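Coordinates in review
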Amino acid sequence: MGKLSYPDFFNHVFGPVMQPGSSGAFAGVCRIGNVARALVPGEPRRVRFAFNPDHRRLCDLVNFMSDRGYIGGVLGLGTDDERLFSAHELAAGRGLAYDFAILDRADANARADSVRIRIEDGEGGQGRLWATSVGGGMIMVHAINGFAVEWQADSHAVLVEDPNREINGETLGSLRRMLGGLLLDVVKTWNDTGGVGYFIETSKEASGDIVAALPPANRLKPIRLPALLPVVSAGDKKPQLFRTVAEWRQVAEDGGISFVQAAIEYEKASSGWTEEEIWRYFGMLADLLRRQIHSLGEVGVDNAKDTPLLPIYGRKWDAHVAAGHRLCDDLTARILGYAFSTNAKLPGVRIVPGPMGTGGGYLFSALFAVHEMRGFGGDKLLEALVVAAGLGALAYTHTNASGQVGCVGETGVCCAMAAGATVWLAGGDGRQVENAASMALQAHVGIPCDPIAGGLEFPCITRTLRAAVTAPLYADLALAGIDPLIPYHEMLQEIERHYSATPARELCGPTCGCNRTPTADRLRKQLEETGLGRLKRGFDPVARGGL
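So, here is what we can say about the structure in this document. (Residues numbered from 1 in each chain as written. Predicted model: local features only at pLDDT ≥ 70, side-chain atom pairs only at ≥ 80, totals over all residues. Heavy atoms only, no water.)

Size it by volume and the second largest pocket reaches roughly 410 Å³. As for the second largest pocket, its lining consists of 18 residues, of which Leu39, Gln126, Asn145, Lys221 and Ile223 are closest to the centre. Of all the secondary structure elements, the ones that give two or more residues to the lining of the second largest pocket are strand 4 (126-135), strand 7 (156-161) and strand 10 (223-225). Ranked by the residues each element gives to the lining of the second largest pocket, the list is headed by strand 4, at three residues. In the lining of the second largest pocket, the residues fall into eight nonpolar, five polar and five charged. (1 Å grid on protein atoms, 1.4 Å probe; cavity = no way out; pocket = protein on both sides within 12 Å on 5 of 7 lines; lining within 4 Å. Points joined across faces, edges and corners; volume = space filled by probe spheres on them. Helix = DSSP H or I, 4+ residues; strand = E, 2+ residues; numbered from the N terminus. Nonpolar A, V, L, I, M, F, W, Y, C, P; charged D, E, K, R; others polar.)

Right under this line is the structure:
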């Protein structure tokens, strides 16, 4: 028995719906905080977040508001809750004490960018969590209370200890029969002191039934973990419908259905949702994206507030346009206007990642501008969003569509999704969709993911703006019949090979690309002095009771 898992449109590509920020460094860590909260029965009163000394992005605690994400998650806030921005104040009001620490030695068994969390409530409850935000809002939980697991918060789960080794094949057989199709997986696991436990995953909340079926000694203090992803894994999940655009086209041809309908069939197989539910969810995403790209105009550039780490660049752009100094064409200008609204990241305006935190907004900036200026119908716009989702799912199939593989995993994939979707919006076919996406990726391979700590969104802003404004370029080339030779999936596989062959420090983090400049080093040190001074250093988890 085991779960069937592959990229889903609403978990991996256009997810999670969140407050403005990085999907990995803000929404993902919020989800980790939510998991930590579930480890204690009472209201959390004390929590410590500990990082390896070689964690590549400790500056994310300030640069991308990861501190607020972690704390907000522990407070029970969702990724789309505006109160995340006030997490420190909320923690003080609720009596939650917290600190951030750097381990005095690297954990040989941990990913460099994982976090170890120890949490306590006011009633004697304690919990330990080891997890990683893996990009795109997705997380991987490695251990709970020392028990090794591998869980992405894509199911309902219960962790039960078996101190007397009473759970046997008969118990598990009875459990399987009782849960039936709800049961996804049962995994026997051991903790760091040799204790035995079982990690049980279900497609719906069934913790009461699970606990009732266990021997009496195992009913004490079970850990109940809620599913945090919008699409919860189901026992009847079907195999992945296609893994390349060529297979996608073949599914459409064999079924006598459209290219878009084939993408809908992919999501039906993955999520088990009905076609109506899927279209309704895409409609909801389109509404959120439409508001996102218009948010700065609705608030007014003069009313939007700069923050210490993010000026409102749209204010300067509007002044430049109003002064008659614009050099670019009307379509590019329209895309830029929407993209600057996306970049403003206004608190309270929910955003849709795709694949990076604000990637869906940049993608939609191009789609909506083309839709408006070329007069393409509203139904075609929603179909284009479905095509973008299909291209995104293939990206996650063949590589890690995140900054870990370099900026190609973020702005490159975003541009590819936007370019292919623009082709469909303009009346192109599935082959032209693939050609546009491939050309976009070819233009982005090799660029590092190197956000400057305290660098006011540079160089990210220049690359995301370029992804938006060049999407119609690659769409035009594909519609003109230009063949880029390399299929989309082969370019995605090359991203993965490039990642495997290149030292991580050269592709992502504080020591690559723009971060090698003296100015970036100066800004990082300033940020550390002002924002990371509260980090406790030299923390020893063994000497102080473990994490």
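What follows concerns the nonpolar core. Core analysis: the biggest nonpolar cluster contains 91 residues, and Phe14, Trp248, Phe282 and Tyr488 have the highest contact counts within it. Counting residues per element, this core draws most heavily on helix 14 (residues 378-398), at twelve residues. Once you skip the residues sitting within four places of it in the chain, Trp248 turns out to touch Phe242, Phe259, Ala262, Ala263, Val387, Gly390, Leu391 and Leu394. Ranked by size, the runner-up nonpolar core spans 44 residues in total, among them Phe26, Leu129, Val149 and Leu225. (Core = buried A, V, L, I, M, F, W, Y, C linked by side-chain atoms within 4.5 Å. Buried < 20%, exposed > 50% of the residue type's maximum accessible area, 1.4 Å probe, protein only. Contact = heavy atoms within 4.5 Å.)

Another point: the packing of helix 2 (residues 23-37) against helix 4 (residues 66-74). Look at helix 2 against helix 4: their axes get within 6 Å of each other, and the N-to-C directions meet at 30°. Considering the angle they form, helix 2 stands roughly parallel to helix 4. Crossing of helix 2 over helix 4 shows right-handed handedness. Residues Ala25, Phe26, Val29, Cys30, Ile32, Gly33, Asn34, Ala36 and Arg37 of helix 2 pack against Ser66, Arg68, Gly69, Tyr70, Gly73 and Val74 of helix 4. Partitioning the contact of helix 2 with helix 4 into residue classes produces eight nonpolar, five polar and two charged. (Axes fitted to C-alpha atoms, helices over the stretch in contact; angles between N-to-C directions. Parallel < 35°, antiparallel > 145°, perpendicular 65-115°, else oblique. Left-handed = near helix turned anticlockwise from the far one by under 90°.)

Below, the discussion takes up the environment of Val301. Along the chain, Val301 turns up in the loop between helix 10 (275-299) and helix 11 (313-322). Taking relative accessible area as the criterion, Val301 reaches 17% and is therefore assigned buried. Sequence-wise, Val301 and Leu229 are 72 residues apart; in three dimensions their C-alpha atoms are separated by 34 Å. For Val301, the contacting residues outside a window of four places in its chain are Leu296, Gly314, Arg315 and Asp318.

Once that is clear, we can look at the packing of aromatic side chains. In the structure shown here, the tally under the stated rule is 23 aromatic pairs. Relative to Tyr281, the ring of Phe10 has its centre 4.3 Å away and its plane inclined at 45°; by these criteria the two rings are tilted. Of this pair, Phe10 sits in helix 1 (residues 9-13) while Tyr281 sits in helix 10; the two residues are 271 residues apart in sequence, bridging distant segments of the chain. By way of ring pairs, the aromatic residues Tyr6, Phe9, Phe10, Phe242, Trp248, Phe259, Tyr266, Trp273, Tyr281, Phe282 and Trp424 are connected into one cluster. Positioned above the aromatic ring of Trp130, the side-chain terminus of Arg116 is 4.1 Å from the ring centre. The ring of Tyr6 is capped by Lys237, whose NZ or CZ atom sits 4.4 Å from the centre of that ring. (Phe/Tyr/Trp six-rings, centres within 6.5 Å; stacked < 30°, edge-to-face > 60°. Lys NZ or Arg CZ within 6 Å of the ring centre and 35° of its normal.)

What follows is about helix 11. Those residues of helix 11 that sit buried are Tyr313, Gly314 and Trp317. The arc that holds the buried residues of helix 11, viewed along the axis, is 95°, so those residues lie on one side. Seen from the buried face of helix 11, the exposed residues on the opposite side, beyond 90 degrees, are Lys316 and Ala322. Contacts from the buried residues of helix 11 go to helix 10, helix 12 (330-344) and helix 17 (460-479). Phi for Gly324, located one or two positions after helix 11, is positive at around 75°. (Arc of directions from axis to C-beta.)

This part takes up the sheet that holds strand 7. Strand order in the open sheet formed by four strands is 8-9-7-10, and the pairing between neighbours is antiparallel. The open sheet is flanked by strand 8 (183-190) and strand 10, the only strands paired with a single partner. Across the sheet, the mean angle separating the axes of adjacent strands is 15° when strand polarity is ignored. Sheet analysis places strand 7 next to strand 10, joined by three bridges and oriented antiparallel. Opposite Val158, over in strand 10, you have Arg224 as the bridge partner. (Pairing = 2+ DSSP bridges.)

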